[in-house]
Amino acid sequence: MLTSLFRRLFRRLFRRSLPPEKGDADAVTLAPDPVNTDISTLLSPLQLEQPPACTSSIEDIEGSIICRESILNRQQKIIGYQFLLQKAANAGIRVHNRRISHLYAEILVQNLLYTNIFPLIGQRFIFIEIPDSFLCDPCLKQLPATNTFFILTPVKDSNTPSHDKLRAWTHALRKLGYRIGIPDPIAVPEYFHLLPEIDLVSMQASQIEVDKGERLVNYILKKMPQVSILVQNLPSIEDFNFCREIGATLFQGHFVVSREQWEKAELGASFNHLAMLLKKLQQDADTHEIVSILKQDAATTLRLLRYINSAANGLREHISSIEHAVTMLGRAPLQRWLTLLLCRSNRNQPRASAVLETALIRARFMELVSDSREAHDREAIFLTGLLSLIDIILQQPIEHALDALFVTEDIRNAILHSKGIYAATLALARACESMDTDRIASAAETCYISPEQVSACYMDALSWTLTLQQEISD
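Sequence order sets the numbering: in each chain, residues are counted from 1 along the sequence as written. Note on the predicted model: pLDDT of at least 70 is required for a residue's local features to be given, and 80 or more for side-chain atom pairs to be given and counted; whole-chain, interface and lining totals, by contrast, use all residues. Excluding hydrogens and water, the side-chain figures rest on all heavy atoms present in the structure.

1. Notes on the overall build of the protein chain
Link 1 in the chain: Helix and strand assignments come from DSSP, with helices taken as H or I runs of at least 4 residues and strands as E runs of at least 2, each series counted from the N terminus. When helices and strands are counted, the protein chain shows 21 helices and eight strands.
Link 2 in the chain: Burial status follows relative accessibility: with a 1.4 Å probe on protein chains alone, a residue under 20% of its type maximum counts as buried, one over 50% as exposed, and anything between as partly exposed. Expressed as a percentage of its 474 residues, the buried residues of the protein chain come to 55%.
Link 3 in the chain: Counted over contacts in the protein chain with a minimum sequence separation of 6, partners at least 24 positions apart contribute 68%.
Link 4 in the chain: Counting every atom, the protein chain has about 21000 Å² of accessible surface; 49% of that belongs to carbon and sulfur. The contact rule is simple, with two residues in contact once any of their heavy atoms fall within 4.5 Å. All accessible-area figures derive from a Shrake-Rupley calculation using a 1.4 Å probe, and residue coverage is judged against the displayed protein chains alone.

This is how it looks when you write it as structure tokens:
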């Protein structure tokens, strides 16, 4: 899917805007000053009248990978996602070329539209970084206004849009309902003049010092109390807590799945009951024994009947007995459903829902990239992904959590030691969450899958997870 889309966009964009070369190779003529013009005119596309001496081929573009990061609020709940189209650093592509930056931005937008993810995200937002001169491109208006933040990034050349152009384009998009963000105005002063027109300030965690960071946040909030402050690349919970205390409102980074020094604790009757069911399934216990254990927990029984009778299962008859439900669902799907139920048992804890969503995406992604394997391997691979974050979900030491679930040695080896038959697939899923494109490319090669397939599977896994969470929400 991504390969053909990259190719179509590349051809369309470059045929549209590549007249015979002349003059300065990097010259770009921007849209005219927006004086007494309507919104559609303000958002007219850039006219790239003179092309750059572009050394990048379509293969350079095709090697790109769509990355996703969750954006959390102050309560550590997911409120949206940042999407980026990134290229492995060793490809040598001229990412500072304005035309190539525009091409990357359009490919990212078109892929988001292709996946049709917006009906699934509900009230959540998407955050995408775009070159400042791309702010007037008409493709942006295809994205839903109420769900979209555009974060501006500068391109260092002589064709930077004037202050008047940027203010006019920003005003026009905000009038349509879009939200505009800028980088830290101290680190990137090019957009300081836009402060009265923007909705978000994006800051890098590594650049926030204790005293200066607090003063900067206070300054921004005092001047514009309606502005959200997004801190990116937070490595740990401690960093999250600090940025939360100084007034930041949105948070992104590895802290979502960072581990702490938890102590062993009693996991509770509900957990133990579900763990016993999973153990019996792994031991291939008799159906009557499994049904008997299920009936000891009325809440689980009701959830199972509701799940099996849901419209998503497409059954023609109503299932009213546990025996019938277990038979109709099957052993492997029942094990998957019980594991998911167990992972949701601690969802009221901070980060738990965000981590569970990450685990589900990881599990489904691993299953999708393992499509050529046997069915029992794919099921084990799914469980490997889902359980690889079980310690963070339950706030328990990982060995203790896995021991309580009686997982197989193959799953344990992959999660605990990065060894065994499922380790490479788990490593690829973890790489996708790192946004390190070289690491993703290397892990993909180990799994004999292309970067384009990685992107397609990852976006499919996100869509699947969002759909599943709608179906199983209490």
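Having seen it, we continue.
2. Looking at the environment of Asn159
Link 1 in the chain: Along the chain, Asn159 turns up in the loop between strand 4 (148–153) and helix 6 (163–176).
Link 2 in the chain: For the pair Asn159 and Ser133, spaced 26 residues apart in sequence, the C-alpha separation works out to 8.6 Å.

3. Focus: unusual backbone geometry
Link 1 in the chain: With phi around 60°, Asn233 is a residue other than glycine that occupies positive phi space.
Link 2 in the chain: Structurally, Asn233 is set in the loop between strand 7 (228–232) and helix 8 (237–245).
Link 3 in the chain: At Gln395, a residue that is not glycine, the phi angle is positive and equals roughly 55°.
Link 4 in the chain: Here Gln395 lies in the loop between helix 16 (390–394) and helix 17 (398–405).

4. Notes on the pairing of strand 1 (residues 65–72)
Link 1 in the chain: Most of strand 1 is tucked away: eight of the eight residues are buried.
Link 2 in the chain: Neither face of strand 1 is open: one carries Ile65, Cys67, Glu69 and Ile71, the other Ile66, Arg68, Ser70 and Leu72, and all of them are buried.
Link 3 in the chain: As judged from the eight bridges shared by strand 1 and strand 2 (residues 78–86), these two strands associate in the antiparallel manner. For Arg68, the partnering residue across the bridge sits in strand 2 and is Phe83.
Link 4 in the chain: Criterion used throughout: strands pair if DSSP finds at least two bridges between them. Counting the residues that bridge the hairpin from strand 1 to strand 2 gives five residues, and of these Gln76 lies at a positive phi of roughly 65°.

5. A closer look at the packing of aromatic side chains
Link 1 in the chain: Stacked, tilted and edge-to-face pairs are distinguished by plane angle, under 30 degrees for stacked and over 60 for edge-to-face with tilted covering the rest, among Phe, Tyr and Trp rings (Trp via its six-membered ring) whose centres lie within 6.5 Å. All chains considered together, the criterion is met by eight aromatic pairs.
Link 2 in the chain: Between Phe127 and Phe149 the ring centres are 4.6 Å apart and the planes differ by 10°, which places this aromatic pair in the stacked class. Of this pair, Phe127 sits in strand 3 (residues 125–131) while Phe149 sits in strand 4, placing them 22 residues apart in sequence. Comparing Phe127 with Phe149, the two get one shared label, buried.
Link 3 in the chain: Ring geometry for Phe240 and Phe255: centres 5.1 Å apart, planes at 10°, overall stacked.

6. Focus on a nonpolar patch on the surface
Link 1 in the chain: Patch membership requires more than 30% relative accessible area and the absence of a salt bridge. Residues of like charge join within 9 Å; the nonpolar side chains Val, Leu, Ile, Met, Phe, Trp and Tyr join within 5 Å. Here a salt bridge means any side-chain nitrogen of Lys or Arg lying within 4 Å of a carboxyl oxygen belonging to Asp or Glu. There is a patch of nonpolar side chains on the surface, built from Ile186, Phe192 and Tyr219 and spanning about 290 Å² of accessible area.
Link 2 in the chain: Within the fold, Tyr219 resides in helix 7 (residues 210–223).

7. What to know about helix 6
Link 1 in the chain: Every helix has an expected span of 1.5 Å times one less than the residues it contains. The terminal C-alpha atoms of helix 6 lie 20 Å apart, and with 14 residues this matches the ideal 20 Å at 1.5 Å per residue to within 8%.
Link 2 in the chain: For helix 6, the full list of buried residues reads Lys165, Leu166, Ala168, Trp169, Thr170, Ala172 and Leu173.
Link 3 in the chain: Just downstream of helix 6, Gly177 is the residue with a positive phi angle, here 110°.

8. Concerning the confidence of the model for the protein chain
Link 1 in the chain: What pLDDT expresses is the predictor's confidence in each residue, scored from 0 to 100. Residue-level pLDDT values for the protein chain average 80, and 81% of them are 70 or greater.
Link 2 in the chain: Predicted confidence is poor over residues 88–94, with pLDDT under 50, and the contacts of this stretch with residues over four places away or in other chains come to 18 contacts.

9. A short note on the nonpolar core
Link 1 in the chain: Phe83, Ile128, Phe150, Phe365, Ile390 and Leu428 are the most contacted members of the largest nonpolar core, which totals 141 residues.
Link 2 in the chain: With ten residues, the single largest contributor to this core is helix 14 (residues 352–369).
Link 3 in the chain: Side-chain atoms within 4.5 Å are what join buried Ala, Val, Leu, Ile, Met, Phe, Trp, Tyr and Cys residues into a set we call a nonpolar core. Of all hydrophobic cores here, the second largest spans nine residues; its members include Ile71, Phe125, Phe149 and Leu230.

10. Some words on the pattern of salt bridges
Link 1 in the chain: The final tally for this structure, using the stated rule, is 18 salt bridges.
Link 2 in the chain: A salt bridge links Arg259 to Asp391, with the nearest nitrogen and oxygen atoms 2.5 Å apart. Placement of Arg259 in the loop between strand 8 (250–251) and helix 9 (269–282) and of Asp391 in helix 16 is noted, with a sequence separation of 132 residues between them.
Link 3 in the chain: Judged by relative accessible area, Arg259 falls into the partly exposed class, the value being 45%.
Link 4 in the chain: On the basis of relative accessible area, Asp391 is assigned to the buried category, the value being 2%.
Link 5 in the chain: A salt bridge links Glu367 to Arg364; the nearest nitrogen and oxygen atoms lie 2.8 Å apart. In this pair, Glu367 and Arg364 are both assigned in helix 14, three residues apart and thus about one turn of the helix distant.

11. Looking at the packing of helix 11 (residues 298–308) against helix 12 (residues 322–329)
Link 1 in the chain: Think of each axis as a best-fit line through the C-alpha atoms, taken over the contacting stretch in the case of a helix, with angles from 0 to 180 degrees between the N-to-C directions. The interhelical angle for the contact between helix 11 and helix 12, taken along N-to-C directions, is 50°, at an axis separation of 10 Å. The orientation of helix 11 relative to helix 12 falls into the category oblique. The chirality of how helix 11 crosses helix 12 is left-handed. Contacts between helix 11 and helix 12 involve Thr301, Leu304, Leu305, Tyr307 and Ile308 from the first element and Ile322, Ala325, Val326, Met328 and Leu329 from the second.
Link 2 in the chain: In terms of residue class, the contact of helix 11 with helix 12 is built from nine nonpolar, one polar and no charged. Should an angle lie under 35 degrees it is considered roughly parallel, over 145 roughly antiparallel, and from 65 to 115 roughly perpendicular; all remaining angles are considered oblique. By definition, any crossing whose near helix is turned counterclockwise from its far helix by less than a right angle is left-handed, and any crossing with a clockwise turn is right-handed. Charged means Asp, Glu, Lys or Arg here, nonpolar means Ala, Val, Leu, Ile, Met, Phe, Trp, Tyr, Cys or Pro, and polar covers whatever is left, Gly included.

12. Some thoughts on the side chain of Gln76
Link 1 in the chain: Position of Gln76 relative to the elements: it lies in the loop between strand 1 and strand 2.
Link 2 in the chain: For Gln76, a relative accessible area of 11% corresponds to the buried category.
Link 3 in the chain: Dropping the residues within four chain positions of it, Gln76 is found in contact with Ile237, Phe240, Pro350, Arg351 and Ala354.

13. Thoughts on the packing of helix 14 against helix 15 (residues 375–387)
Helix-helix packing is described using two parameters, namely the angle between the two axes and the distance between the axes.
Link 1 in the chain: Running from N to C, helix 14 and helix 15 point in directions that differ by 155°, and their axes come no closer than 7 Å. Accordingly, the angle class assigned to the pair helix 14 and helix 15 is roughly antiparallel. Considering how the two elements wind past one another, helix 14 and helix 15 form a crossing that is right-handed. Only Arg378, Ile381, Phe382, Thr384, Gly385 and Leu386 of helix 15 make contact with helix 14, whose side of the interface consists of Leu356, Ala359, Leu360, Arg362, Ala363, Arg364, Met366 and Glu367.
Link 2 in the chain: A breakdown of the residues in the contact of helix 14 with helix 15 according to their chemical character gives eight nonpolar, two polar and four charged.

14. A look at the pairing of strand 6 (residues 200–204)
As a general feature of sheets, a regular strand has side chains that alternate between the two faces.
Link 1 in the chain: In terms of burial, strand 6 is a largely internal element, four of the five residues being buried.
Link 2 in the chain: Looking at chain direction, strand 6 and strand 7 are connected through five bridges and run parallel. Across the sheet, the residue bridging to Ser202 is Leu230, located in strand 7.

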